[in-house]
Structures are given as C-alpha cells and as structure tokens.
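Single-letter residue listing:
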Amino acid sequence: MEDRSERVEEPVTSSAVSREVNNASIPFDTKRLDALLDEAGIDILVATSKHSIQYLFGGYRFFFFAYMDAVGVSRYLPALIYPKGTPNDAIYVANALEVYEKNLGRFWTPTVQHSTWGTLDVAQAIIDHVRRLGAENKRIGIEAAFLPADAYLALRAGLPNAEFIDALLPLERLRARKTGTELSSLREASERVIDAMLAVFEKATPGWTKNDLVHALRREEQARDLAFEYCLVTAGTSFNRAPSDQIIREGDIVSLDSGGNYQGYIGDLCRMGILGQPDAELEDLLAEIEAIQQAARRPIKPGAHGHEIFTAVEELLSRSAHQSYTSFLAHGMGIISHEAPRLTRTGPIPYPDYDADRPLEQGMVVSVETTMHHPKRGFIKLEDTVAVTDTGYEAFGDQGRGWNRCSRQRQR
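On a predicted model such as this, the values are computed, not experimentally measured, just so you know.

Draft legend 1. Layout of the environment of Pro302. Structurally, the position occupied by Pro302 is in the loop between helix 10 (280-297) and helix 11 (307-318). Each C-alpha atom of the pair Pro302 and Leu171 lies 21 Å from the other, and the pair is 131 residues apart in sequence. Residue contacts for Pro302: discarding those within four places in its chain leaves Leu360, Gln362, Val388, Thr389, Asp390 and Gly392.

Draft legend 2. The arrangement of the state of the cysteines in detail. A full pass over the atoms with the stated rule returns 0 disulfides. Note on Cys231: no disulfide assigned, nearest cysteine sulfur contributed by Cys270 at a separation of 8.6 Å. Note on Cys231: relative accessible area 7%, which makes it buried.

Draft legend 3. Fine view of the pattern of salt bridges. Tallied over the entire structure, the rule returns 28 salt bridges. A salt bridge links Asp38 to Lys84; its shortest N-O distance comes to 3.1 Å. Within this pair, whereas Asp38 is found in helix 2 (residues 30-40), its partner Lys84 is found in the loop between strand 4 (79-83) and strand 5 (91-95), the two being separated by 46 residues in sequence. Within this structure, Arg271, Glu290, Arg297, Asp384, Asp398 and Arg401 form a network of salt bridges that share partners.

Draft legend 4. Layout of the pairing of strand 15 (residues 378-388). Counting buried positions along strand 15 yields 11 of 11 residues, so the element is predominantly enclosed. As defined by bridge partners, strand 14 (residues 365-374) adjoins strand 15 across 10 bridges and the pair is classed as antiparallel. The residue bridging Thr370 from the neighbouring strand is Leu382, located in strand 15. If you look at the hairpin formed by strand 14 and strand 15, you'll find 3 residues sitting between the two strands. Summarising the sheet, strand 15 and strand 16 (residues 393-396) pair through 4 bridges and their orientation is antiparallel. In the sheet register, Ala387 faces strand 16, and the bridge partner there is Glu394.

Draft legend 5. Looking closely at the packing of aromatic side chains. For the coordinates displayed, the defined rule picks out 16 aromatic pairs. Between the aromatic rings of Tyr92 and Phe107, the centroid separation amounts to 4.8 Å while the plane-to-plane angle is 45 degrees, which identifies the pairing as tilted. On the criterion of sequence distance, the pair formed by Tyr92 in strand 5 and Phe107 in the loop between helix 4 (99-103) and strand 6 (111-116) is long-range, its members being 15 residues apart. Each member of the pair Tyr92 and Phe107 is classed as buried. Aromatic rings pair up to connect Phe28, Phe57, Tyr60, Tyr82, Tyr92, Phe107 and Trp108 into one cluster.

Draft legend 6. Representation of the sheet that holds strand 8 (residues 163-166) in the model. Taking strand neighbours across the sheet as the criterion, the 6 strands line up as 6-5-4-1-7-8 in an open arrangement whose pairing is mixed. In this open sheet, the two strands that pair with only one neighbour each are strand 6 and strand 8. Geometrically, the sheet is characterised by an average inter-axis angle of 20 degrees between neighbouring strands, direction not taken into account. The pairing of strand 1 (residues 44-47) with strand 7 (residues 139-142) spans 3 bridges and is parallel. If you follow Leu45 over to strand 7, its bridge partner there is Gly141. Against the sheet, helix 2 engages strand 1, strand 4 and strand 8, with an angle of about 80 degrees to strand 4.

Definitions and limits used
- Residues numbered from 1 in each chain as written.
- Predicted model: local features only at pLDDT ≥ 70, side-chain atom pairs only at ≥ 80, totals over all residues.
- Heavy atoms only, no water.
- Helix = DSSP H or I, 4+ residues; strand = E, 2+ residues; numbered from the N terminus.
- Contact = heavy atoms within 4.5 Å.
- Disulfide = S-S within 2.5 Å.
- Buried < 20%, exposed > 50% of the residue type's maximum accessible area, 1.4 Å probe, protein only.
- Salt bridge = Lys/Arg side-chain N within 4 Å of Asp/Glu carboxyl O.
- Pairing = 2+ DSSP bridges.
- Phe/Tyr/Trp six-rings, centres within 6.5 Å; stacked < 30°, edge-to-face > 60°.
- Axes fitted to C-alpha atoms, helices over the stretch in contact; angles between N-to-C directions.

Here it is as structure tokens:
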C-alpha cells in the first residue's frame, strides 16, 4: 500500500511564502539574474528544464528521473518560480518523491510544494503561485523548448492576462561565467574522459568492433565516476560515426569523440588512435590539425572578441592543401554542450552568433574542434576544452593529442 504521508505537501500560505531566504545559501548571483531578467523584460521566471534546475539549485538533479522523464500517463516536470528581485517569494514545485530530497535540505527556496505527478499538476501549481503573488498581469519567462504543450496551454488558459516570454537568453547568460567549483568539475570531466579514451586505445585490438570500442569506453568512463553520455566513433576510412558491428583491422585509424558527465558538467573531447604504426602522411595530417587547434587558443583571454578564435585559424585553413574537407568549430560548453558563449551561426547546430562580437569573460569555457574528412585516409579530428582565465586560457584534459597506439594482439 502506498505511504500517502509522504505525499502531503507543505501548506502554501502567505506566511510560508514570505519566509526569508538566507541569500548566502542561494548558489547563483541573484543580482546578476535580476539584471538579466530585467533586460529581457521578465517579471517572473519559471524554470522547467533539468539543467536549469540543476544550476539554480547548485548541482541538484533528482535521482529518480535521472534516466527518463516519463511516468504513468505524463512526465516529470520540475519548476522553480522565481519572481525578479524577491527570492523570498520563490517556490519549487517538485515531484511527490522529492520530499526525500527536501528532508535532506537540497532546496534554498522558502517553500517546496512536493505533490505533483504530471505536467498539469505542475502547471496548476504555477498558476496558483502567480495568482497568490498578485502577478496575473505580469511578464512570465518560460523555457519554451522545455515546457510541454499541455502545460503551456494550461498556463495560457489559467493566466490569460499574462505575457509569456522565452527565458532562454537570461538563463544562458547566467550560466556563461563559470565559478571555480564549476571549472573544477569541467576539468575533472575532461581529464577523466581522456584517461578513459587512452585506456581503451591501449586495450583495443584487431577484431574488435566499433560497438566493442564504445562498450569499453562506457566501462572506463563509469569506472572514473563519469556518467557516460555518448561516443561518436569512426574506424578505418569510413566517415560513419555511429556504433556498429564494423570490425577494426590492423592499420585502421580510430576516432573516439565522447561526452562524459561529472557532477553535472560535460567533458566533451576527441582523440585519435591507430592499430599499428602511423605513416608519415598520417603524422602530417594530425600535425596540421594540431597546429589549427593551437592557433585557435592563442587569442583566448578576457576581453578578446569571440570571432577572434575563428580569425586566428583562417590563414592556416586557407593555405591548407586539405581545406576543402577540413572544418573548424568553436562553441561554448558547461552544463550542456553548445551553450554560451555562442561564437558562430554557421556551425552544425543552428543558433545566432550572439557572442561573436562580444568580449570573452573569465570563467567562460570553449570547445575548439578541427575535423578532417580525408577522402583516402578517413576521419581525423581533435577536440579540446579551453577555459578563459584571468590572464589567458587553460586547456583541460590536454593529453593524448598524437596518434595513440592500440594493441597489435588479435582478440580471440
């Protein structure tokens, strides 16, 4: 029988909502968030993505829905309602099982409403709290890409006089400058991903498949306390990057491009391996990619404009004999991949280049990657993670940059 006592929520009364928050316990800069919300014309923020909830609660992710959001006939939908300038009026609308997390003191909000099991429950709780605040006519910031349609329609019906604005930009700008703790997590994520890759290269033998490579990398990342997210993998002369039963053979080159998550932050890097000895041409091709990668780092420092990273590699790319099949990309990263700073509008993931002509700031983190689709030798790539420091940059997980030799022993 269900223990219904765990589902009883704390009464949401005027006195409960007005309890004071110790600002020192709030894990983000409220003044900066308030300024960003003001700039975006938002009066009340309603954050509903798991990555925003993670950031706004200082690294929190509810373990029960870490893998999948679906439950019963609906889905998990956390919601933090934050009125601009008044954190004392913030409320967290949680799943019923999050009462356990509340009991452990995970949440800084004065009120935690932990009785929801689906999107419409959450929508009604948002409506009720906005009405309680007397804010039915205000401008409400939502995460449009992370608010299910049924919840959005319910909000529109329940708050017909409110104006709904996408809060993507202020939330992204808030996350753009990483704290020392965040940078430490990104450094650990990057170094552990690289360590896992090098371990796989050392073990891989002719006769393995691409699936074997990915399974081995998953095990190595998990052994290093990483949450394995993905691995794009190539072998031989094929450009196909999906795991498959393709067999790797003596002399094949191999690329591992993987995301491993440490404490909510992504290590996303790419390194090259070879089953055998690289010849002079392969050495030269990877050296060319390495030169582009190093050139891209040189302008990275506080105050430099984002587009300078791309400008720094233009000459090397333009005079390369392989320019027609070599590409360069730089993008921000942190809790998610391709977050601020946004440096180009021509990358594989479409978004505006909001930061191309803005100065880089200390604490921003940039992924730089150079990719060659060589028509005869195959897929060759390096991807690095670079943080903006007070004086320049620091690269995380910077080892394993050459041809990593795989075992020559054939697997039985």
